[in-house]
Amino acid sequence: MDDPVSEYTARLLQQEKEIKLLSAEIERLKDPQSLDFSSTGLDELREENTRLKYRLNILKKSLQEERSSNSKSMTNINQRLQEIFGDAISVAYPDLEDPPLAVTPNQQAKFGDYQCNSAMAMAQMMKSKGQKVNPREIAEKIVQNIPDNELIEKTDIAGPGFINVHLKKTFVSKLLTNMLMNGVQPPTLDKKKRVIVDFSSPNIAKEMHVGHLRSTIIGDSMCRLFEFLGHDVLRLNHVGDWGTQFGMLIAHLQDKFPDYLSISPPISDLQAFYKESKKRFDDDEEFKKRAYQCVVRLQSKEPDFIKAWNLICDVSRKEFQRVYDCLGIQIIERGESYYQDRMTAVVKEFEEKGLVELDEGRKIVFTPGQSIPLTVVKSDGGYTYDTSDLAALRQRLFEEKADIIIYVTDSGQAMHFHVVFAAAQHIGWYDPKVTRVEHAGFGVVLGEDKKKFKTRSGDTVRLMDLLEEGLKRSMDKLKEKERDKVSTPPCRKGGGGECIKYRDISVIWSIARLANIQEAALRKAAETCEIVLEHEKEWKLGKCILRFPEILQKILDDLLLHTLCDYLYELATTFTEFYDSCYCVEKDRQTGEVVKVNMWRMLLCEATAAVMAKGFDILGLKPVQRM
């Protein structure tokens, strides 16, 4: 007997081939210049076109059903509905180019589960072309051409042309069972991509502060999301490890620890060391001259100065690593110094293409449509952040061969990155239709005065101080509720990160403990027990669980992670409504003994916990495990 996997794959490939052939034939029939009207009547062509479309819809349905029944991946219901309505619109209005397609979850359950709102936008589009059509008529025609599918129970049209969609309960139940059997698996990946996320990026010789927390956590979560979806992710830490500030640091190091080349200097507080050197740099002209000389000798890569630079960097790295260990962050350091040798080549490339202008000794690059230039060479011949970021972007595009590059910094740098990306496109490094390069910005941390958050002394709040304070307050709360004795590691470990990121979904798993149901029994039930969705709260929870792939897709589109936080809150709230209305475990009122277990509801609890756990994992949160 043939290998069933090979047989299934071959059948899918054949169906996809037929779909492509039929689609091409339909497109050919739309073009009057390709037809010979002397030998073929118009009615016969229309009839053939109808037959081809019918056959095409049958093949698409067959292909989708085969994929659904053989796939362990979670189904994106919204995406599937868009495919269905996209097909219906193309059949109903074949001459309308790029018709708008809008399918969203219905905000009011009484009107259905999803809603297609394309009819109104299509009416506007047709009106602009001189065709006046009532949106409701458009909606009716779309509904008439919806192909047979496994999702939709019924549709109805509301108002001016909203198409309300009611899902089949058997379909939703089947998807929930599939998820319980196979776990929370990512949607099917069309193509594995090389993704680079640039995040955290503190400066050497300065301690990480509260402002770095957002970039670090948001960047880590984005990496986790892309990794969960199956992409190849490179996590990069673009630290500030090069520049004129190292001149004053090295000069101060030479004075304070003159034997630094043979004995490692005991620098315990790098922040204080930096302030000392900065004060000397500002107040002492002779020291300032020495500092500039040190910069020149460092950039010339003299061994003694490279060693001094490495010593300073190593002290910073140890402090950074304390924070990353506390937060559970994995990241590869690749600072500005990594791109130094590439900057000269970048400037030369811009010059050879005639894109560099001279401005009072500076070399600048203006990009069409941008009012602010990039300074690629300073008047003293040195390079800038602009040069460094251009070199980094080029390296990531050509050497790393990235398909997606995301920069996670505060929104104050949005304009800078916008101009850098524009320059890279202008010189021909990448096509935004092929390669995605984006800045994922976030707001800065503000204090009560609405200014950048600082301590009363005027210093930026140290991140380690925040994490340690978070640990103390979290442990105090646990002790107050006597939860410190039952919470599982890593929440009781000596690091503030897990407590700051700590969330508790143990209430869901405690239901199974209450009924004395083991995991093996739940797995067996998933195989044999139909998940009943008759109660309105069961139905609401089931649909909410299955929206998880839609949420992940939305984050991929707009890079806004708060959508996942909002979804998890909504899921928790929906579960609470379900738990308050639907008995999972029924007890004898007098003895307290369990008399009945509604297993399909236990499975809904398990599915909720599984999705929430995966959502928390993407956010870098570790929920309490069952004990």
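Our structure is the block above this text.
Everything numeric here is computed off the predicted structure, so don't read it as measured data. (Residues numbered from 1 in each chain as written. Predicted model: local features only at pLDDT ≥ 70, side-chain atom pairs only at ≥ 80, totals over all residues. Heavy atoms only, no water.)

## Let's talk about helix α19 (residues 536-546)
Alright, step 1. Of all the 11 residues making up α19, eight are buried; the element is thus mostly covered by neighbouring parts of the structure.
Alright, step 2. When α19 is considered as a whole, its buried residues turn out to be Glu538, Trp539, Leu541, Gly542, Lys543, Cys544, Ile545 and Leu546.
Alright, step 3. Its buried side turned inward, α19 meets α3 (77-92), β4 (162-167), α6 (169-182), α20 (548-558), α21 (562-581) and α22 (599-618). (Buried < 20%, exposed > 50% of the residue type's maximum accessible area, 1.4 Å probe, protein only. Helix = DSSP H or I, 4+ residues; strand = E, 2+ residues; numbered from the N terminus. Contact = heavy atoms within 4.5 Å.)

## A short note on the sheet that holds strand β3 (residues 152-158)
Alright, step 1. An order of β1-β2-β4-β3 is seen for the four strands of this open sheet, with the pairing classed as antiparallel. Of all strands in the sheet, those with a lone pairing partner are β1 (103-105) and β3, marking the two edges. Mean inter-strand twist for the sheet, computed between neighbouring axes without regard to direction, equals 25°.
Alright, step 2. When β1 meets strand β2 (residues 114-116), the two strands line up antiparallel, connected through three bridges. Looking at β2, one finds that threonine 104 is bridged to glutamine 115.
Alright, step 3. α3 rests against β1, β2, β3 and β4 of the sheet, and its axis sits at about 145° to β1. (Pairing = 2+ DSSP bridges. Axes fitted to C-alpha atoms, helices over the stretch in contact; angles between N-to-C directions.)

## What to know about unusual backbone geometry
Alright, step 1. The phi torsion at glutamate 360 lies on the positive side, around 50°, for a residue other than glycine.
Alright, step 2. Here glutamate 360 lies in the loop between β8 (356-359) and β9 (362-365).
Alright, step 3. Despite not being glycine, lysine 401 shows a phi value in the positive range, around 55°.
Alright, step 4. Along the chain, lysine 401 turns up in the loop between α13 (385-398) and β11 (404-410).

## With respect to the environment of leucine 327
Alright, step 1. Relative to the assigned elements, leucine 327 resides in helix α11 (residues 303-327).
Alright, step 2. Taking the relative accessible area as the measure of exposure, leucine 327 reaches 1% and is therefore buried.
Alright, step 3. Placed 114 residues apart in sequence, leucine 327 and leucine 213 show a C-alpha to C-alpha distance of 9.6 Å.

## Some details on the packing of α6 against α22
Alright, step 1. For the pair α6 and α22, the least separation of the axes is 10 Å and the interaxial angle reads 65°. Two packed elements cross with a definite hand, and for α6 against α22 that hand is left-handed. Along the contact surface, α6 presents Leu176, Met179 and Leu180, while α22 presents Leu603, Leu604, Glu606, Ala607, Ala610 and Val611.
Alright, step 2. When grouped by side-chain class, the residues that make up the contact of α6 with α22 number eight nonpolar, no polar and one charged. (Left-handed = near helix turned anticlockwise from the far one by under 90°. Nonpolar A, V, L, I, M, F, W, Y, C, P; charged D, E, K, R; others polar.)

## Some thoughts on the side chain of glutamine 395
Alright, step 1. Along the chain, the position of glutamine 395 falls in helix α13.
Alright, step 2. Judged by its relative accessible area of 2%, glutamine 395 falls in the buried class.
Alright, step 3. When sequence neighbours within four positions are dropped, the list of residues in contact with glutamine 395 reads Arg334, Tyr338, Tyr339, Arg342 and Glu400.

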